[in-house]
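# Secondary and tertiary structure notes
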Amino acid sequence: MAGNENRQLHMFFFPFMAQGHMIPTIDMAKLFASRGIKATIITTALNAPLLAKTIQRSKNLGVEIGVLVIKFPTIEAGLPEGCESFHMASSHGVQQKFFKATTMLEPQIEQLLQEHAPDCLLADIFFPWATDTATKYGIPRLVFHGTGFFALCALECLRLSEPYKNVSSDSEPFSIPNLPNDIKLTREQLPDYLKENVESTEFAKFFKRCRESEARSYGVVVNSFYELEQDYVDHYRKVMGRKAWHIGPLSVCNKDTEDKAQRGKESSIDEHGYCLKWLDTKKPHSVVYICFGSIADFNESQLTEIAMGLEASRQQFIWVVKKEKNHGEEEWLPEGFEKRMEGKGLIIRGWAPQVLILDHEAVGGFVTHCGWNSILEGVAAGVSMVTWPVSAEQFFNEKLVTQVLKIGLSVGALRWVSLEGDSVNKDAIEKAVSRIMVGGEAGEMRNRAKVLGELARRAVEEGGSSVLDLNAGIEDLKSIGC
Ligand code: UDP
């Protein structure tokens, strides 16, 4: 309450059930809790165990985080049993049902708000009903998008001015008006839900509701740091008139090796020890790391092209492949590939300890699908990138990396294709990987990336821009009586 400044603020954190949203939300909860806020995460039964170890380690260090478990309406929404995480929604149709399931969660959240009477609800952008729910209980709703300021500004400018309607073909470039930089895109790089008439599909209607509920929310918390995209932080605040606090990069707040190793899931390679020992034997900046996040799902012919491109590039690599072996067989892998690559390349099947790998000094480049967490983790590690956007807002993130920060180059994926991505041939992969790893251009990009990495670390140190903004956000909440 106002006037009772010593009372402990209680915040509910409610992440969307996907790795790219859960992982930064746990970090956020830890961060707020470490500054004296009572933090409670709300999640579902099958997602709760993924948080358990992090929460226990945090507790051992004196930082307590509560967890409240709700029931995910899998059956009611017509989802396959056990489908409580977005990465398990393997088609457009199942994804739609997944979003439908999340709209059914509102009564359970209402009940928790009633029982626990928190002061603030920080809910993911994908819960468009959350602003009204929070209002009903007289508390502010903060939004977490999971992406950065650049993409948020680009999306809004595109929505308002629709420049993609004035080009004659899907591949003709256009500029996004009113942005601090001249950013060029094509229509085929835009998310479907942006191009569709807002009333024409379920997805388009859903994203419209998300946008409206953000506009009515109290403000936005962003996993980013001022020095990374300052023009866009200012643009978002001034031009778009939103309250926003940048508090990242959240991954850097993890100091403990186990915390870094067990982000999202347990890594599938020998307690992460093997690949780090392998990296220890390599020279600085001599290994390229390839990973496409938790959702993108390349088909077998694309995996074959990647294998051939990597081999032709002659670079050492760690490559994360989501596909599990089918009865020990991997028909997409070129014959003799693993034998030829022995000592030179490592394939991790399943889940990799990404932050630990990127932070290793042997890693010099990162081939990424441009998920925002991956971009920030790459930036914080000071590595340059080959950008290979697949879907979501990843083509915007690519432009930030290649056109604004100039710490990476594009592999040449031209089209937004949900899950599978645009196809890219082995020659383009070979060329991009070689360019990022060797030669003068690679050195320049890496030098710029190193500077940003240093700025990222400073942002989350005491007195750094993100710590100051986090404090400002907490003070703001207290000033309105939270
Ligand atoms: N990640 C990981 N190991 C993997 C794949 C992904 O630790 O093998 C983590 C990665 O570090 C990041 C998150 O999962 O924190 C993926 O989020 P991002 O926004 O990059 O992509 P998304 O999965 O949402 O497409």
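Here the structure is shown first, and the text comes after it.
Residues numbered from 1 in each chain as written. Predicted model: local features only at pLDDT ≥ 70, side-chain atom pairs only at ≥ 80, totals over all residues. Heavy atoms only, no water.

With that settled, consider the packing of aromatic side chains. All told, the structure shown has 32 aromatic pairs when counted by the stated rule. Pairing Phe 16 with Phe 99 gives two aromatic rings, centres 5.5 Å apart and planes at 15 degrees, and the pair type is stacked. Placement of Phe 16 in the loop between β1 (10-14) and α1 (19-34) and of Phe 99 in helix α3 (residues 92-103) is noted, with a sequence separation of 83 residues between them. Taken as a pair, Phe 16 and Phe 99 share a single burial class, namely buried. Where Tyr 193 meets Trp 416, the ring centres are 6.4 Å apart and the plane angle is 85 degrees; that geometry is what we call edge-to-face. Taken together, the residues Tyr 193 in helix α7 (residues 192-195) and Trp 416 in the loop between β15 (408-410) and α17 (426-437) connect sequence positions 223 residues apart. One residue, Lys 282, lies across the ring of Trp 278, its end atom 4.7 Å from the ring centre. (Phe/Tyr/Trp six-rings, centres within 6.5 Å; stacked < 30°, edge-to-face > 60°. Helix = DSSP H or I, 4+ residues; strand = E, 2+ residues; numbered from the N terminus. Buried < 20%, exposed > 50% of the residue type's maximum accessible area, 1.4 Å probe, protein only. Lys NZ or Arg CZ within 6 Å of the ring centre and 35° of its normal.)

Scanning the entire structure with this criterion turns up 27 salt bridges. Among the salt bridges present, the one from Glu 162 reaches Lys 165, with a minimum N-O distance of 3.0 Å. Judged by its relative accessible area of 53%, Lys 165 falls in the exposed class. The salt bridge partner of Glu 338 is Arg 349, with a shortest N-O separation of 3.3 Å. Taken together, the residues Glu 338 in helix α13 (residues 337-340) and Arg 349 in strand β12 (residues 345-349) connect sequence positions 11 residues apart. Assessed through its relative accessible area of 17%, Arg 349 is described here as buried. Here the salt bridges do not stand alone but share partners, grouping Lys 30, Arg 57 and Asp 259 into one network. (Salt bridge = Lys/Arg side-chain N within 4 Å of Asp/Glu carboxyl O.)

Attention now moves to the sheet that holds strand β3 (residues 65-70). Strand-to-strand pairing in sheets goes through backbone hydrogen bonds, with the strands running parallel or antiparallel. One open sheet accounts for 7 strands, arranged β3-β2-β1-β4-β5-β8-β9; its pairing is parallel. What marks the edges here is a single partner per strand, and that holds for β3 and β9 (244-246). Each strand axis lies, on average, 25 degrees off the axis of its neighbour in the sheet, ignoring direction. As paired elements, strand β5 (residues 141-144) and strand β8 (residues 219-222) share 3 bridges and run parallel to each other. Bridge pairing in β8 places Leu 142 opposite Gly 219. (Pairing = 2+ DSSP bridges. Axes fitted to C-alpha atoms, helices over the stretch in contact; angles between N-to-C directions.)

A few words now on the side chain of Gln 19. Within the element layout of this structure, Gln 19 appears in helix α1. For Gln 19, a relative accessible area of 6% gives the class buried. The residues touching Gln 19, leaving out its near neighbours within four places in the chain, are Pro 24, Leu 50, Gly 264, Lys 265, Ser 294 and Trp 351. (Contact = heavy atoms within 4.5 Å.)

Now for the site of the ligand. Taken together, 17 residues lie near the ligand, and Ser 294, Ala 352, Asn 373, Ser 374 and Glu 377 sit nearest. Residue Asn 373 places a side-chain N or O atom 2.8 Å away from an oxygen atom belonging to the ligand. At a separation of 2.5 Å, an oxygen atom of the ligand approaches a polar side-chain atom of Ser 374. Contact with the protein chains covers 94% of the free accessible surface of the ligand, which is 540 Å². Looking at the shell around the ligand, the elements that each hand over two or more residues are α1 and α15 (372-381). Here the shell around the ligand takes 4 residues from α15, the largest share from any one element. (Near = heavy atom within 4 Å. Polar contact = N/O pair within 3.5 Å; in protein donor to acceptor, adjacent residues only side chain to side chain. Areas by Shrake-Rupley, 256 points an atom, 1.4 Å probe, with all protein chains shown as cover.)

Pairing within the open sheet is parallel, and its 6 strands lie in the order β12-β11-β10-β13-β14-β15. Every other strand in the sheet has two partners, leaving β12 and β15 as the edge strands with one partner each. Across this sheet, the average inter-strand angle for adjacent strands is 15 degrees, counted without regard to direction. Pairing analysis gives 5 bridges linking strand β11 (residues 316-321) to β12, with the strands arranged parallel. Paired with Val 321 across the bridge in β12 is Arg 349. The sheet contacts of helix α12 (residues 300-313) involve β10 (287-291) and β11, and relative to β11 the element is tilted by about 170 degrees. Contacting β13 (363-368) and β14 (384-387), α15 crosses the sheet at an angle of about 165 degrees to β13.

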